[in-house]
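# Structural features, examined
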Amino acid sequence: ETQCPANQTVKVDKTAPVCVSSGGSDTWTNASRTLTGTCSDQGSGCVSNVSKDYTTQTEVYNQSAGTVYDKAGNSTVCPANQTVKIDKTAPSCSSSGGSSSWTNDSRTLVGTCSDSGGSGCAGNVSWNINWEGEWSNLSPGKVKDNAGNKSEERREEKECG
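Residues numbered from 1 in each chain as written. Predicted model: local features only at pLDDT ≥ 70, side-chain atom pairs only at ≥ 80, totals over all residues. Heavy atoms only, no water.

## Section: the overall build of the chain
- Each helix and strand counted, the chain has zero helices and twelve strands in total.
- Secondary structure elements of the chain, listed N to C terminal, follow the sequence β-β-β-β-β-β-β-β-β-β-β-β.
- Taken over the C-alpha trace, the chain has a radius of gyration of 29 Å; the compact-globule value for 161 residues is 15 Å, which it surpasses by more than 25%.
- For the chain, the C-alpha atoms occupy an extent of roughly 120 × 20 × 20 Å along the three principal directions.
- A separation threshold of at least 6 residues defines the contact pool for the chain, and within that pool the share at least 24 residues apart is 50%.
- As displayed, the chain offers around 10400 Å² of accessible surface, 43% of which is attributable to carbon and sulfur atoms. (Helix = DSSP H or I, 4+ residues; strand = E, 2+ residues; numbered from the N terminus. Rg over C-alpha atoms; globule rule 2.2 N^0.38 Å. Contact = heavy atoms within 4.5 Å. Areas by Shrake-Rupley, 256 points an atom, 1.4 Å probe, with all protein chains shown as cover.)

Here it is in structure tokens:
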């Protein structure tokens, strides 16, 4: 009997890699979000991490960054445990409280916020006018939503007469 030469290498990896998902948030934003799947593998090693970009308005739950692979071809779908909330739409505002009638009291202009972008309004705005004068084209101010989008503001203080 003759022993064959011991010059061969054998590498076997039957265990799938592990993936940890990150990058999501329950907080609204008006920016983009990127989910990342971070791969780890004790056997052959990972080919790479994965990522998934969200750039448009959305509200989604239970999202995964994708699938990671090890160098032996084993794969794992990253956990679908991420939330993405993106609101890129500015809220609208309707103004009230003004009047063309004179008063000897004060007037409070109120800007009522409404948001169709999903994040909801951070609040309304008001402006109490408690001094003498006559103005037109006044606005109570800006409203914003919970993602940081703001309405346009017009405070044209034009004194007449």
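## Points about the sheet that holds strand β10 (residues 125–129)
- Taken in spatial order, the three strands line up as β8-β9-β10 in an open sheet, and their pairing is antiparallel. On the outer flanks of this sheet lie β8 (92–96) and β10, each paired with one strand and no other. Between one strand axis and the next, the sheet turns through 15 degrees on average, direction left out of account.
- Taken together, the five bridges between β8 and strand β9 (residues 107–114) define a ladder with antiparallel strand orientation. Considered in β9, the bridge of S95 is made with G111. (Pairing = 2+ DSSP bridges. Axes fitted to C-alpha atoms, helices over the stretch in contact; angles between N-to-C directions.)

## Structural notes on the layout of surface pockets
- Here the largest pocket defines a volume of roughly 650 Å³.
- Residue lining of the largest pocket: 21 residues in total, with S99, R107, G133, E134 and W135 positioned closest to the centre.
- Going through the elements one at a time, β9 and β11 (135–136) are the ones with two or more residues in the lining of the largest pocket.
- In the lining of the largest pocket, the residues fall into six nonpolar, eleven polar and four charged. (1 Å grid on protein atoms, 1.4 Å probe; cavity = no way out; pocket = protein on both sides within 12 Å on 5 of 7 lines; lining within 4 Å. Points joined across faces, edges and corners; volume = space filled by probe spheres on them. Nonpolar A, V, L, I, M, F, W, Y, C, P; charged D, E, K, R; others polar.)

## Considering the confidence of the model for the chain
- Residue-level pLDDT values for the chain average 92, and 94% of them are 70 or greater.
- Across residues 153–161 the pLDDT falls below 50, and counting only partners more than four positions away or on other chains, this stretch makes 22 contacts in the model. (pLDDT = per-residue confidence, 0-100.)

## Some details on the pairing of strand β1 (residues 18–22)
- Judged by which residues are buried, β1 turns out to be one-sided: C19 and S21 face inward and are buried, whereas V18, V20 and S22, on the alternate face, are not.
- Bridge analysis of β1 against strand β2 (residues 33–40) gives five bridges, and the strand direction is antiparallel. Following the sheet pairing, V18 is matched in β2 by S40. (Buried < 20%, exposed > 50% of the residue type's maximum accessible area, 1.4 Å probe, protein only.)

## Some points on the sheet that holds β2
- Read from one edge to the other, the open sheet built from three strands follows the order β1-β2-β3, with strand pairing classed as antiparallel. Each edge of the open sheet carries a strand with a single partner, namely β1 and β3 (50–54). On average, each strand axis in the sheet is tilted by 15 degrees relative to the strand beside it, whichever way the strands run.
- Pairing analysis gives five bridges linking β2 to β3, with the strands arranged antiparallel. Bridged to T34 within β3 is D53.

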